[in-house]
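Architecture and fold: a report
Listed below are the residues making up each chain.
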Amino acid sequence: MSLDEIFSKESRPVIDFIDRLRSLGIEKEAAIPQIAVVGDQSSGKSSVLEAISGIPFPRGKGLVTRCATRLCMTQTSDRDWTASIGLADEPSNKVFAESPASLGKEISRLTDKICGKKTFSERVIEITIRSSSVPDLTVIDLPGIVRTNTKGQ
């Protein structure tokens, strides 16, 4: 048995437990380890997540990411790729995605739904991916830091 297999066997129950706690909203009460991607507007934050997850995050000029997107990836031994997406505060309304490309389109649709004409939303899009090709990792894509010039700066 390889070191990777031993680590996976030992860590899988802990990772599954943390994911279960997160699904119950424990992060409101206790700090759960996760990575947040933060940076200036159009600095490549979503591209980093795309490279890690294989999901084509929406791209464009100016303001594209207008709400937080939590991406929970679970590595499985099964070769099948499964994913769901929805709003964190509406867990019963999650939909299953057929492909990484369909997830990208759904991110855009949900962003438009919750942001409407507003620039940003406090609501969170939540994506769950289970696949042999993703790491056991939870990351959060945040809107970029928008810098504006004011008189005297």
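Quick caveat: nothing in here was measured; it's all calculated off a predicted structure. (Residues numbered from 1 in each chain as written. Predicted model: local features only at pLDDT ≥ 70, side-chain atom pairs only at ≥ 80, totals over all residues. Heavy atoms only, no water.)

**Describing the nonpolar core**
Ile-55, Leu-71, Leu-103, Ile-125, Ile-127 and Ile-129 are the most contacted members of the largest nonpolar core, which totals 21 residues. Looking at this core, the elements with two or more residues in it are strand 2 (68-75), strand 3 (82-87), helix 3 (100-115) and strand 5 (124-131). Tallying contributions element by element places helix 3 first for this core, with five residues. Not counting residues up to four positions away in its chain, the partners in contact with Ile-127 are Ile-55, Thr-69, Arg-70, Leu-71, Cys-72, Ser-84, Ile-85, Leu-103 and Ile-107. (Core = buried A, V, L, I, M, F, W, Y, C linked by side-chain atoms within 4.5 Å. Buried < 20%, exposed > 50% of the residue type's maximum accessible area, 1.4 Å probe, protein only. Helix = DSSP H or I, 4+ residues; strand = E, 2+ residues; numbered from the N terminus. Contact = heavy atoms within 4.5 Å.)

**With respect to the pattern of salt bridges**
Scanning the model with the defined rule gives five salt bridges in all. The partner of Arg-70 in a salt bridge is Glu-126, with the nearest N and O atoms 2.6 Å apart. Note that Arg-70 is positioned in strand 2 and Glu-126 in strand 5, a separation of 56 residues in sequence. One salt bridge in this structure joins Arg-123 and Glu-90, with 2.8 Å as the shortest N-O distance. One end of the pair, Arg-123, is in the loop between helix 3 and strand 5; the other, Glu-90, is in the loop between strand 3 and strand 4 (95-97), with 33 residues separating them in the sequence. (Salt bridge = Lys/Arg side-chain N within 4 Å of Asp/Glu carboxyl O.)

**What to know about the layout of surface pockets**
Put simply, the largest pocket is a space of about 480 Å³. Forming the boundary of the largest pocket are 22 residues, of which Arg-22, Ser-23, Arg-70, Ala-88 and Glu-126 lie nearest the centre. Listing elements by their share of the lining of the largest pocket, those giving two or more residues are helix 1 (3-23), strand 2 and strand 5. Looking at the lining of the largest pocket residue by residue, the class counts come to five nonpolar, five polar and 12 charged. (1 Å grid on protein atoms, 1.4 Å probe; cavity = no way out; pocket = protein on both sides within 12 Å on 5 of 7 lines; lining within 4 Å. Points joined across faces, edges and corners; volume = space filled by probe spheres on them. Nonpolar A, V, L, I, M, F, W, Y, C, P; charged D, E, K, R; others polar.)

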